Amino acid sequence: MRRLWGGALVLVLAATPALAGLDTSPRPEPRPASEPFQVARAEPASRPAELPAALRPAPPRAAEPERLPAAALARSLRPQPRPERSFQTAALSAAAIRSQPANVLTAKRGAICGDDRIRGEEIAPILSQVQGCGVDRPVRVTSVDGVRLSQTATMDCDTARALRRWVTEGAKPAVGKKGGGLAQLEVAAHYICRPRNRQAGAKISEHGRGRAVDISALTLANGSRITVQGGWRDPAQGKILRQVHKAACGPFGTVLGPESDRFHQDHFHFDTARHRNGAYCR
């Protein structure tokens, strides 16, 4: 019995150093209660030693953009064609229409009434609330056979053609080379809706139908003027004016001058009204 207890004691004493070693092994220190929880971070690895610049590899080149052939590039730089009628064209057209004078039908200018020697423009029909006034197909005449009009005159084409014929066959030959020749006709009246001689109750004048034009003077190339009022009774100028007056009978249906009545002392009245007994010339 004593031997058993002695052996056990020996075993206990032999195990004591091992147990003591276990108690003295390192243990993790407890964290303070107030320190927040932190995730452990890995220490950065130490950087390798840098190579000399001569030994460093060249950086990779960026990919170059694809280059188009020269022909394709030229085509890509060309502006695309506009539509046939763009908004810009419409705007320009609207601006052009607004800039035209009243009653202008088209932008066509130059020769009119089928005669290259009549210059002017076509305009829209002239309407009137007054019965007997208005022109279905009026034109605005600026010159006839190279002779200017002092103002643009509105009339129909029959009257414009009669005026051109009178200038070519009558007025130009009558003036001849005097003062360098005939350069301008001074227009006293053309289209206007009014009664004859501006007398109340009278019939509508041929002016109101676009069939009449009044001429008050002839201007020569050197600037001198032969006026109806001042030259009719002058020996030199009167001869020219009487030839001019006579030459109008034929192209025009009505020709009135200073010897017709008190209303035509200072101008010639020409119109294309036709009368049963032929031209009416006074």
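One can find the structure itself at the top, above this paragraph.
Residues numbered from 1 in each chain as written. Predicted model: local features only at pLDDT ≥ 70, side-chain atom pairs only at ≥ 80, totals over all residues. Heavy atoms only, no water.

Asks: For the nonpolar core, give the residues involved together with the corresponding values.
Replies: Formed by 37 residues in total, the largest nonpolar core has its most connected members in Val-141, Leu-163, Trp-166, Leu-185, Leu-218 and Phe-270. Considering every element that reaches this core, the biggest residue donor is helix α4 (residues 157-175), with nine residues. Those residues within four positions of Leu-218 in sequence are excluded, and the remaining contacts are Val-175, Leu-182, Gln-184, Leu-185, Ser-224, Arg-225, Ile-226, Leu-241 and Val-244. (Core = buried A, V, L, I, M, F, W, Y, C linked by side-chain atoms within 4.5 Å. Buried < 20%, exposed > 50% of the residue type's maximum accessible area, 1.4 Å probe, protein only. Helix = DSSP H or I, 4+ residues; strand = E, 2+ residues; numbered from the N terminus. Contact = heavy atoms within 4.5 Å.)

Asks: Run through α4, naming residues and quoting values.
Replies: Look at α4: 25 Å from first C-alpha to last across 19 residues, which is about the 27 Å you get at 1.5 Å a residue. The largest bend along α4 reaches roughly 45° and is located at Val-167. Among the residues making up α4, those that are buried are Cys-157, Thr-159, Ala-160, Ala-162, Leu-163, Arg-164, Trp-166, Val-167, Gly-170, Ala-171, Ala-174 and Val-175. Of the residues trailing α4, Gly-176 is marked for its positive phi of about 65°. (Expected span 1.5 Å × (residues − 1). Bend = angle between axes of the 7 residues up to and from the residue.)

Asks: Explain the packing of aromatic side chains to me, using residue names and the numbers behind them.
Replies: Tallied over the full model, the rule gives four aromatic pairs. Both rings, one in Phe-252 and one in Phe-270, keep their centres 4.9 Å apart while their planes meet at 20°; by these two values the pair is stacked. Of this pair, Phe-252 sits in the loop between α6 (235-247) and β8 (254-256) while Phe-270 sits in strand β9 (residues 268-271), and the two are 18 residues apart along the sequence. Residue Phe-252 shares its accessibility class with Phe-270, and that shared class is buried. With centroids separated by 5.9 Å and ring planes inclined at 20°, the aromatic side chains of Phe-268 and Phe-270 adopt a geometry described as stacked. The residues Phe-268 and Phe-270 share a single accessibility class, namely buried. Each member of the aromatic cluster is reached from another via a ring pair, and the members are Trp-166, Trp-232, Phe-252, Phe-268 and Phe-270. (Phe/Tyr/Trp six-rings, centres within 6.5 Å; stacked < 30°, edge-to-face > 60°.)

Asks: How would you sum up the packing of α4 against α6? Please name residues and give values.
Replies: At a minimum axis separation of 8 Å, α4 and α6 run at an interaxial angle of 165°. Relative to α6, the element α4 is oriented roughly antiparallel. Classified by chirality, the crossing of α6 by α4 is right-handed. For the pair α4 and α6, the contacting residues are Trp-166, Gly-170, Ala-171, Ala-174 and Val-175 in the first and Ile-240, Gln-243, Val-244 and Ala-247 in the second. Broken down by class, the residue content of the contact of α4 with α6 amounts to seven nonpolar, two polar and no charged. (Axes fitted to C-alpha atoms, helices over the stretch in contact; angles between N-to-C directions. Parallel < 35°, antiparallel > 145°, perpendicular 65-115°, else oblique. Left-handed = near helix turned anticlockwise from the far one by under 90°. Nonpolar A, V, L, I, M, F, W, Y, C, P; charged D, E, K, R; others polar.)

Asks: Run through the environment of Lys-203, naming residues and quoting values.
Replies: Looking at the element boundaries, Lys-203 is found in the loop between β5 (182-189) and β6 (212-220). You can call Lys-203 exposed: its relative accessible area is 61%. Linking Lys-203 and Gly-132, residues 71 residues apart in sequence, is a C-alpha distance of 8.9 Å.

Asks: Quick rundown of the pairing of β5? Include the residues and the values.
Replies: Counting buried positions along β5 gives seven out of eight residues, so the element sits mostly inside the fold. Bridge analysis of strand β4 (residues 147-156) against β5 gives two bridges, and the strand direction is parallel. Directly across from Leu-149, in β5, lies its bridge partner Leu-185. Of the crossover connections in this fold, the one passing from β4 over α4 to the parallel β5 is left-handed. Pairing geometry for β5 and β6, over six bridges, is antiparallel. Paired with Leu-182 across the strands is Leu-220, a residue of β6. (Pairing = 2+ DSSP bridges. Right-handed = clockwise from strand over helix to strand, strands pointing away.)

Asks: Which residues make up the pattern of salt bridges, and what values go with them?
Replies: Within this structure, the stated rule accounts for ten salt bridges. Linking Asp-115 and Arg-164 is a salt bridge whose minimum nitrogen-to-oxygen distance equals 3.1 Å. With Asp-115 in strand β2 (residues 115-123) and Arg-164 in helix α4, this residue pair connects regions lying 49 residues apart in the sequence. One exposure class covers both Asp-115 and Arg-164, and it is buried. Across the pair Arg-165 and Glu-169 runs a salt bridge whose closest N-O atoms are separated by 3.3 Å. Separated by four residues within a single helix, Arg-165 and Glu-169 lie in helix α4, roughly one turn from each other. Three or more residues are tied together by salt bridges with common partners; here these are Asp-115, Arg-117 and Arg-164. (Salt bridge = Lys/Arg side-chain N within 4 Å of Asp/Glu carboxyl O.)

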